[in-house]
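# Inside the fold
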Amino acid sequence: MHNDQLTFNQLPVIGIVAHRIQRDGNAGHIDGQYGDYSRSVALAGGAPILIPLALGEPAWRAIYARLDGILFPGGVDVAPALYGETPHPRLGRVDDVLDEAELTLARWALADGMPTLAICRGIQLINVAAGGTLYQDISSQIDGALLHACSDQPAAHLVRIEAGTRLYNALGAAECVTNSRHHQSIKQVAPDLAITARAPDGVIEGVEHPTGPFLVGVQWHPENLAPNDEQMLGLFRAFVEACQHTDTASR
Ligand code: MN
């Protein structure tokens, strides 16, 4: 085999869930996602591919079966019924189609040990898929919480990271300053997940599967920082490295 072809074939393919972007007019929605997710995956050595939502299980499965890893991105709130709660007055927008698609993909990924990186809504979605719960609104449900809904601030608050975790090894640090664009967070951590990072107010900012395949979630947005921040790019590098060992033939 030619060397270029070998290198090309060895790039892990990483699915990023596309969200539905509503536009004015009659042309329907756009299946899309913020470019920093695919840019950060590509910078770390992966080949990103977007997964449209409105497909249904056979097509999702056909795409999923060809993936080496999957990334669950930020987005709207997860419907509280999915973790056994009624809506809080400060619940934001929800999207049942998005919830169904991402929960389906997340349950497959959890069952298979598909390498997974989950960001913002993604960490919440993965926690719900694995049996955990969420705070529906941090500022009204957690006394003394910092401001976590800080749009456009590259440095919003400190995050403390547990030594010895995948997240710690990927970032190479026990603490870092992150952006923060969320009004919800994990309440009860799913049974199989471990807390890896917290903000100084105790809000959970990271979880991972402690022993199994790569499953790392963070509450902040490393994809916005990674293009100019070697430390945050390290998280994508660790993810892509884990995806290089995926055996797609077993699916
Ligand atoms: Mn935060």
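The preceding data block contains the structure.
Notes on the structure follow. (Residues numbered from 1 in each chain as written. Predicted model: local features only at pLDDT ≥ 70, side-chain atom pairs only at ≥ 80, totals over all residues. Heavy atoms only, no water.)

### Some remarks on the nonpolar core
The biggest cluster of nonpolar side chains holds 32 residues, and the ones touching the most others in it are Ile70, Phe72, Leu105 and Ile126. When residues of this core are traced back to their parent elements, those giving at least two are α3 (57–64), β5 (69–72), α4 (96–112), α5 (121–129) and β14 (204–208). When residues in this core are grouped by element, the largest group, seven residues, is from α4. Residues contacting Ile70, with those up to four places away along its chain left out, are Ile14, Gly15, Ile51, Leu105, Ala109, Met114, Pro115, Thr116, Leu117 and Phe239. Counting 30 residues, the second-largest nonpolar core is a separate cluster that includes Ile119, Ala197, Phe214 and Cys243. (Core = buried A, V, L, I, M, F, W, Y, C linked by side-chain atoms within 4.5 Å. Buried < 20%, exposed > 50% of the residue type's maximum accessible area, 1.4 Å probe, protein only. Helix = DSSP H or I, 4+ residues; strand = E, 2+ residues; numbered from the N terminus. Contact = heavy atoms within 4.5 Å.)

### Remarks on the sheet that holds strand β4 (residues 47–51)
Within the open sheet, the nine strands sit side by side as β4-β1-β5-β6-β15-β14-β13-β9-β10. Their pairing is mixed. Strands with a single pairing partner mark the edges of an open sheet, and in this sheet they are β4 and β10 (175–178). Each strand axis lies, on average, 25 degrees off the axis of its neighbour in the sheet, ignoring direction. Relative to β4, strand β1 (residues 13–17) is paired through five bridges, and the arrangement is parallel. (Pairing = 2+ DSSP bridges. Axes fitted to C-alpha atoms, helices over the stretch in contact; angles between N-to-C directions.)

### What about the packing of aromatic side chains?
Think of a pair of aromatic rings as described by two things: how far the centres are apart, and how the planes are tilted against each other in angle. Applying the stated criterion across every chain yields a total of two aromatic pairs. Each ring, one from Tyr64 and one from Trp108, has its centre 5.4 Å from the other, and the planes form 55 degrees; the classification is tilted. A residue pair is termed long-range when its members are at least 10 positions apart, and Tyr64 in helix α3 and Trp108 in helix α4 qualify at 44 residues. A residue is classified by how much of its surface remains accessible, and Tyr64, at 0% relative accessible area, is buried. On the basis of relative accessibility, which here comes to 15%, the residue Trp108 falls in the buried class. Between Phe214 and Phe239 the ring centres are 5.7 Å apart and the planes differ by 35 degrees, which places this aromatic pair in the tilted class. (Phe/Tyr/Trp six-rings, centres within 6.5 Å; stacked < 30°, edge-to-face > 60°.)

### Section: the coordination of the manganese ion
At this site the manganese ion is bound by His148 (ND1), His157 (NE2), Ser180 (OG), His182 (NE2) and Glu205 (OE), with donor distances of 2.2 to 2.3 Å. Counting along the primary sequence, the residues that act as donors to the manganese ion give the motif H-x8-H-x22-S-x1-H-x22-E. Residue Ser180 is found in strand β11 (residues 180–181), and its partner Glu205 is found in strand β14; the two are separated by 25 residues along the sequence. Residue Ser180 is classed as buried on the basis of its relative accessible area of 0%. Using a relative accessible area of 0% as the deciding quantity, one classes Glu205 as buried. (Donors = N, O, S within 2.8 Å, 3.2 Å for Na, K, Ca; no water.)

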